[in-house]
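One-letter residues, chain by chain:
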Amino acid sequence: QVQLVESGGDLVQPGGSLRLSCEASGRVFTIYAMGWYRQAPGKERELVAQITRDDSTTYADSVKGRFTISRDSPTTTSTVYLQMNSLQPEDTAVYYCTALAIDVSWGQGTQVTVSS
């Protein structure tokens, strides 16, 4: 089983940047991909970005060129980051970290608010 803890959410002005972190613990050697989802009020949860153990990345069209997902280790996937630049009000949401292993694990979420 894998446990996830996110951090880095905050209030930021439009055009600003934030870096989210997600640290995995437990059976991290079973993880083959980690990612970030977000859910805005009244909307469905959506994939933002994902990175696999072999560094293959996937991004939502709405964040391409602005967000970058990365991980801290070339041999394991235990901590991932989401660098978010040029933030816009429509990026406001609760951001959830996820890990794909034998099953899917979710973090508790971290709030990102983009507002002037």
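Before reading further, recall that the structure is shown in the block above.
Residues numbered from 1 in each chain as written. Predicted model: local features only at pLDDT ≥ 70, side-chain atom pairs only at ≥ 80, totals over all residues. Heavy atoms only, no water.

K.L.:
Give me the sheet that holds strand 3 (residues 18-26): which residues, what numbers.
P.N.:
The antiparallel open sheet is built from four strands, whose spatial order is 1-3-8-7. Pairing within the sheet leaves two strands with one partner each, and these edge strands are strand 1 (2-7) and strand 7 (67-71). Taking each pair of neighbouring strands and ignoring which way they run, the sheet shows an average axis angle of 15 degrees. Summarising the sheet, strand 3 and strand 8 (residues 79-84) pair through six bridges and their orientation is antiparallel. Across the sheet, the residue bridging to Leu 20 is Leu 82, located in strand 8. (Pairing = 2+ DSSP bridges. Helix = DSSP H or I, 4+ residues; strand = E, 2+ residues; numbered from the N terminus. Axes fitted to C-alpha atoms, helices over the stretch in contact; angles between N-to-C directions.)

K.L.:
So, the side chain of Glu 6: which residues are in play, and what are the values?
P.N.:
Within the secondary structure layout, Glu 6 lies in strand 1. For the buried residue Glu 6, which engages in no salt bridge, the nearest side chain bearing the opposite charge is Arg 45, 7.8 Å off. At 2.9 Å, the side chain of Glu 6 and the backbone nitrogen of Gly 109 are in polar contact. Setting aside its immediate chain neighbours within four residues, Glu 6 contacts Ser 21, Cys 22, Trp 36, Tyr 95, Tyr 96, Cys 97, Gly 107, Gln 108, Gly 109 and Thr 110. (Buried < 20%, exposed > 50% of the residue type's maximum accessible area, 1.4 Å probe, protein only. Lys, Arg positive; Asp, Glu negative; His and termini not counted. Salt bridge = Lys/Arg side-chain N within 4 Å of Asp/Glu carboxyl O. Polar contact = N/O pair within 3.5 Å; in protein donor to acceptor, adjacent residues only side chain to side chain. Contact = heavy atoms within 4.5 Å.)

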